[in-house]
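Structural overview for review
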Amino acid sequence: MASLPSVAVNGNLQLDQEFRKHPTSFLPSERSTNVSYQKSHTVINLNGSSEPKSLDFREALSMIREGENVESTYYAPVLQECIDKNSASEAKIVHAHIIKTGTHQDLFVSTFLVNVYAKCGNMEIARKVFDNLPKRNVISWTSLMTGYVHSSQPEVAIHVFQEMLEAGAYPTNYTLGIVLNACSSLQSVNLGKQLHAYSIKYQIDFDTSIGNSLCSLYSKCGSLESAVKAFKKIEEKNVISWTATITACGDNGEAVRGLKFFTEMLSEGIEPNEYTLTSVLSLCCLMLSLDVGTQVHSLSIKLGYELNLPIRNSIMYLYLKCGLINEARELFNGMGAISLVTWNAMIAGHAQIMDLAEDDLSAYQSGTEALNIFLKLNRSGLKPDLFTFSSILTICSGLVALHQGEQIHAQTIKSGFLSDRVVGTALVNMYNKCGSIEKASKAFVEMSTRTLISWTTMIAGFAQHGKTQQALQLFEDMRIAGVRPNQITFVSVLSACSQAGMVNEALGFFEMMKKDYRIKPVLDHFACLIDMYVRLGRLEEAFALVKKMDPAPNEFIWSILVAGCRSHGNLELGFYAAEKLLELKPKDTETYVFLLNMYLSAGRWKDVSKVRKIMKEEKLGKLRDWSWISIKDKVFSFKPNDKSHPYSADTHKFVESLIDQVKSLGYESLESLEVTDEDEEQTLSYTAYHSERLAIAFGLLNTPNAAPIRVVKSLIMCRDCHNFVKFLSTLTGREIVIRDSKRLHKFVNGTCSCGDFGGRL
DNA sequence: CTAGGGTTAG
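Residues numbered from 1 in each chain as written. Chains lettered and ligands numbered in written order. Predicted model: local features only at pLDDT ≥ 70, side-chain atom pairs only at ≥ 80, totals over all residues. Heavy atoms only, no water.

Turning next to the overall build of chain A. The number of helices and strands found in chain A is 39 helices and six strands. Classification of the 761 residues of chain A by burial places 52% in the buried group. Across chain A, the fraction of contacts at a sequence separation of at least 24, relative to all contacts at a separation of at least 6, is 66%. Summing over all exposed atoms, chain A offers an accessible surface of approximately 34700 Å²; the carbon and sulfur share of this is 52%. (Helix = DSSP H or I, 4+ residues; strand = E, 2+ residues; numbered from the N terminus. Buried < 20%, exposed > 50% of the residue type's maximum accessible area, 1.4 Å probe, protein only. Contact = heavy atoms within 4.5 Å. Areas by Shrake-Rupley, 256 points an atom, 1.4 Å probe, with all protein chains shown as cover.)

Structure, rendered in structure tokens:
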């Protein structure tokens, strides 16, 4: 790629001097003369009924193929066809003929050729043809720029714009629109604003194509208000203007507002096109509104877009997001032609389902299904792209499927997509979630550029692995690198401090967040601080903070207190917190089980039945204790006391012998009453066969001696199992990683990365 | 010129 003067990207083009040479070109009176090349050509050659010899494309192509001499105007429909078919190879045949007949000296034809190659995405040839043009005009310059913008080389487009100004050509409104689009891709507000200023100065900011481009520029730079302003300024709003505005709302998370624009558009009598409809459907995805989505779907059928692929993709994705897996699959299977986007939507949709899944069984099923889809995609002949890789790596994170994740890592290297920052971040996250902090940080260091999310992901990774110092050091590095932390970054930083019991540091960061970065604390920040006090047994301070916090505590905050009070034996405060928890009537089954266990250990049977009653009334789902381990390409799952498993007998025996062995190291099994499933009222289950023990035992039996063990568990680990695994890691010398429903535990040599969470177990 | 698919915490 051509190297650019940095001034261009920084938005320091000397526009004023250049434009002053041709000030009148922007006067409104001249607007009507800015007819684009496309249009004038179309009028003459394609739709031109005035043209007696309206040429049939086939006829012209066969003449050209046979090497007959044709008039220069004969080329236009053929070249147009190449654009429509997006076929650079066909264009090359025509191009050869043009050269042979010497028609390349014809300005009209050769300029058209630039346009054809640019539209077909072959920028190397487009540039060569452009360089050999007998004469350059604003049309050829603009065609070239359009090509660069479309082939993801916005910097080059701006560079060409600069060349054009230097050459003394002056831009039309259409040219400015293209440059503005290049600014959008680069997120270069500065240059965009300069162009905006000039369009105001020359009073063409109400031009439709400039307004449309301004609208999407401001939207992509995160300023929805400016985008809407630009839209409102447009004198003659067309479908594109409306669509750009609706998209802007969606991109900035304001789905409802986008829908309002859509209804307004309809009431103005403007008919949406396929672009509008897909954009509205993505609003529905944001709102998870199947209702509106279905209506838009019928509208699109009514308007004749039933078979439109983007629309079908959007609807399929909407189904997945709303959890209608079967409907989505039906649509997927019934689609004749599908694109990579279809595959990607399918995989990304499963990642969503995994994320939102109520129970881990369905999460796990979506995950494995997504892996299958990915395999099918690889066999289909299509090549996965950066979207595919980011989604599938996220799937691996959720499944703790390190083996698959590593294979995909290799694939991202081979295909070159690892250089994408989102893919790189997803990879770091995958290694984090699989418990391999070393590989995560290696992947992070190897990234050539990082986003805010990359930094945050890595900080969170260190925090989850109990590497507080590294987390805080990285936070410093991030600030030194000039990256501004966000709300989530601070959640990770605070949780790192909380784990290490670093009260002063945590409070310092909390102040820094509010004062230096003007980030309003949210519940998660308070949760970290309260968790910290609870770990240290400083329950009074935890309660004091809960009382004065803003926003007011939710059930999650109270559940931290309940758990803390229970393990620190402060039942008085515990019951107070429990009552608050009950008042809020959370639907979270796990929270209730916590509560249940607290009453159980206090022997307060009346309260036990009270809680059980509420659980029934609230129709809370039962908790399934369930673990899985993935060994090579296979996944093995275990239920507690699971006897159904083919290897069950061996595994159970092995668990028994492991318990005996760790007893000699000092392990004492807690005879506590740990309820995991409200249905099994009388069987206060014996912890010996909690699912993770079976999964670990199975892993120990079926992997090489020193190999790490990685297990996923659907519930929070109980205290006894946590203690047991600590001893087990010493006994076996293995690294044991368990991801439970709340956090990551990495057991090495008798200690756990979660720091035992100071009593929250 | 406008559309569909991606990454972070608790």
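Having seen the structure, we can now continue with the description.
Time to look at the packing of aromatic side chains. Describing an aromatic ring pair means giving the distance of the ring centres and the angle of the ring planes. Counted under the stated rule, the structure contains 21 aromatic pairs. Taking the centre distance of 5.5 Å and the plane angle of 65 degrees together, the rings of Tyr 667 and Phe 724 count as edge-to-face. Pair noted here: Tyr 667 is in the loop between α37 (648-663) and α38 (691-702) and Phe 724 is in helix α39 (residues 719-732), with a separation of 57 residues, a long-range link. Each member of the pair, Tyr 667 as well as Phe 724, carries the same accessibility label: buried. An aromatic cluster is built from Phe 475, Phe 490, Phe 509 and Tyr 517, whose rings are joined through pairwise contacts. Here the guanidinium or amino end of Lys 237 rests over the ring plane of Phe 231, the centre of that ring lying 5.4 Å away. (Phe/Tyr/Trp six-rings, centres within 6.5 Å; stacked < 30°, edge-to-face > 60°. Lys NZ or Arg CZ within 6 Å of the ring centre and 35° of its normal.)

Moving on: the nonpolar core. Ile 530, Leu 561 and Leu 595 are the most contacted members of the largest nonpolar core, which totals 187 residues. One finds Tyr 667, Ile 709, Leu 728 and Cys 752 within the second-largest nonpolar core, a separate group that totals 29 residues. (Core = buried A, V, L, I, M, F, W, Y, C linked by side-chain atoms within 4.5 Å.)

Judged by pairing direction, the sheet is mixed, and its six strands sit side by side in the order β2-β1-β3-β4-β5-β6 without closing on themselves. Only two strands of the sheet have a single neighbouring strand rather than two, namely β2 (634-638) and β6 (751-752). The pairing of strand β1 (residues 627-631) with strand β3 (residues 709-713) spans three bridges and is antiparallel. If you follow Ile 629 over to β3, its bridge partner there is Val 711. Helix-sheet contacts for α38 involve β1, β2, β3 and β4 (736-739), and the interaxial angle to β1 is about 15 degrees. (Pairing = 2+ DSSP bridges. Axes fitted to C-alpha atoms, helices over the stretch in contact; angles between N-to-C directions.)

Take the packing of helix α9 (residues 138-150) against helix α11 (residues 173-186) next. Helix-helix packing is described using two parameters, namely the angle between the two axes and the distance between the axes. Taken N-terminus to C-terminus, the directions of α9 and α11 make an angle of 20 degrees; their axes are 10 Å apart at the nearest point. Put simply, α9 runs roughly parallel to α11. The hand of the α9/α11 crossing is left-handed. Residues Val 138, Thr 142, Met 145, Thr 146 and Val 149 of α9 form the contact with α11, whose participating residues are Tyr 174, Thr 175, Ile 178, Val 179, Asn 181 and Ala 182. (Parallel < 35°, antiparallel > 145°, perpendicular 65-115°, else oblique. Left-handed = near helix turned anticlockwise from the far one by under 90°.)

The next subject is the side chain of Ser 140. Mapped onto the fold, Ser 140 is located in helix α9. Among the polar contacts listed, one links the side chain of Ser 140 to the backbone oxygen of Asn 137, at a separation of 2.9 Å. Not counting the four nearest positions on each side in its chain, Ser 140 is found in contact with Thr 111, Val 114, Phe 130 and Leu 133. (Polar contact = N/O pair within 3.5 Å; in protein donor to acceptor, adjacent residues only side chain to side chain.)

Here we come to the packing of α38 against α39. Where α38 meets α39, the closest approach of the two axes is 11 Å, and the angle between their N-to-C directions is 15 degrees. Taken as axis vectors, α38 and α39 run roughly parallel relative to one another. At the point where α38 passes α39, the crossing takes the right-handed sense. Residues Glu 692, Arg 693, Ile 696 and Leu 700 of α38 lie in contact with α39, whose contacting residues are Asp 720, Cys 721, Phe 724, Val 725, Leu 728 and Thr 732. Here the contact of α38 with α39 is composed, by residue class, of six nonpolar, one polar and three charged. (Nonpolar A, V, L, I, M, F, W, Y, C, P; charged D, E, K, R; others polar.)

In this section: the pattern of salt bridges. Under the counting rule described, the total for this entry stands at 17 salt bridges. For Asp 531, the salt bridge goes to Arg 535, with nearest N and O atoms at 3.1 Å. Remark: Arg 535 and Asp 531 occur in helix α31 (residues 523-535); sequence separation between them is four residues, near one turn of the helix. When the shortest N-O distance is used, the salt bridge between Asp 720 and Arg 693 registers 3.2 Å. Of this pair, Asp 720 sits in helix α39 while Arg 693 is found in helix α38, placing the two residues 27 residues apart along the sequence. Note on accessibility: Asp 720 and Arg 693 belong to one class, buried. (Salt bridge = Lys/Arg side-chain N within 4 Å of Asp/Glu carboxyl O.)

Examined bridge by bridge, β1 and β2 share five bridges and lie antiparallel to one another. From the neighbouring strand, Ile 629 faces β2, where its bridge partner is Phe 636. In this antiparallel pair of consecutive strands, β1 and β2, the connection spans two residues, and Lys 632 shows a positive phi of 55 degrees.

Quick look at α9 now. Since there are 3.6 residues in each turn of an α-helix, residues three or four apart along the chain are aligned in direction. In this model, α9 (13 residues) spans 18 Å end to end at C-alpha, consistent with the 18 Å of a helix rising 1.5 Å per residue. Across the 13 residues of α9, 10 count as buried, placing the element largely inside the fold. Residues of α9 that are buried include every one of Ser 140, Trp 141, Thr 142, Ser 143, Leu 144, Met 145, Thr 146, Gly 147, Tyr 148 and Val 149, and no others. For α9, the secondary structure elements touched by its buried residues are α7 (107-119), α8 (123-131), α10 (154-166) and α11. Phi for Ser 152, located one or two positions after α9, is positive at around 55 degrees. (Expected span 1.5 Å × (residues − 1).)

What follows deals with the protein's contact with DNA strand B. Around DNA strand B lies a shell of 43 residues, among which Asn 313, Tyr 317, Asn 344, Asp 385 and Asp 420 are the nearest. The protein-proximal atoms of DNA strand B, defined as those within 4 Å of the protein, are 44% sugar or phosphate. Tyr 317 is positioned with one of its side-chain polar atoms (N or O) 2.3 Å from a phosphate oxygen of DNA strand B. Separating a base nitrogen of DNA strand B from a side-chain N or O atom of Asp 385 is a distance of 2.5 Å. A breakdown of the residues in the surface near DNA strand B according to their chemical character gives 16 nonpolar, 23 polar and four charged. (Near = heavy atom within 4 Å.)

Our focus in this paragraph is the environment of Leu 665. Mapped onto the fold, Leu 665 is located in the loop between α37 and α38. On a C-alpha basis, the gap between Leu 665 and Ser 648 in space is 26 Å, while along the polypeptide they are 17 residues apart. If we skip the residues at most four places from it in the chain, Leu 665 touches Phe 727 and Leu 731.

Following Asp 550, the chain continues into Pro 551 via a peptide bond in cis, with omega recorded as 10 degrees. Tracing the backbone through its elements, the reader meets Pro 551 in the loop between α32 (539-548) and α33 (555-567). Positioned with a positive phi, Leu 288 is a non-glycine residue whose angle comes to about 55 degrees. Tracing the sequence through the fold places Leu 288 in the loop between α17 (274-287) and α18 (290-302). The backbone of Asn 749 sits at a positive phi, close to 50 degrees, despite the residue not being glycine.

All right, on to the environment of Tyr 689 then. Here Tyr 689 lies in the loop between α37 and α38. Since its relative accessible area comes to 11%, Tyr 689 is described here as buried.

This part takes up the side chain of Ser 436. Take Ser 436: it is sitting in the loop between α25 (421-433) and α26 (437-446). The buried category is assigned to Ser 436, whose relative accessible area is 7%. Aside from chain neighbours lying at most four places away, what touches Ser 436 is Tyr 431, His 465 and Arg 710.

This next bit is on the confidence of the model for chain A. Counting all residues, the mean pLDDT for chain A is 83, and 87% of those residues have values of 70 or more. Here helix α3 (residues 37-45) stands out as the least confident element of chain A, with mean pLDDT 31; helix α30 (residues 503-515) is the most confident, with 96. Long-range and interchain partners of residues 678-685, a stretch whose pLDDT sits below 50, account for 13 contacts in this model, where long-range means more than four residues apart. (pLDDT = per-residue confidence, 0-100.)

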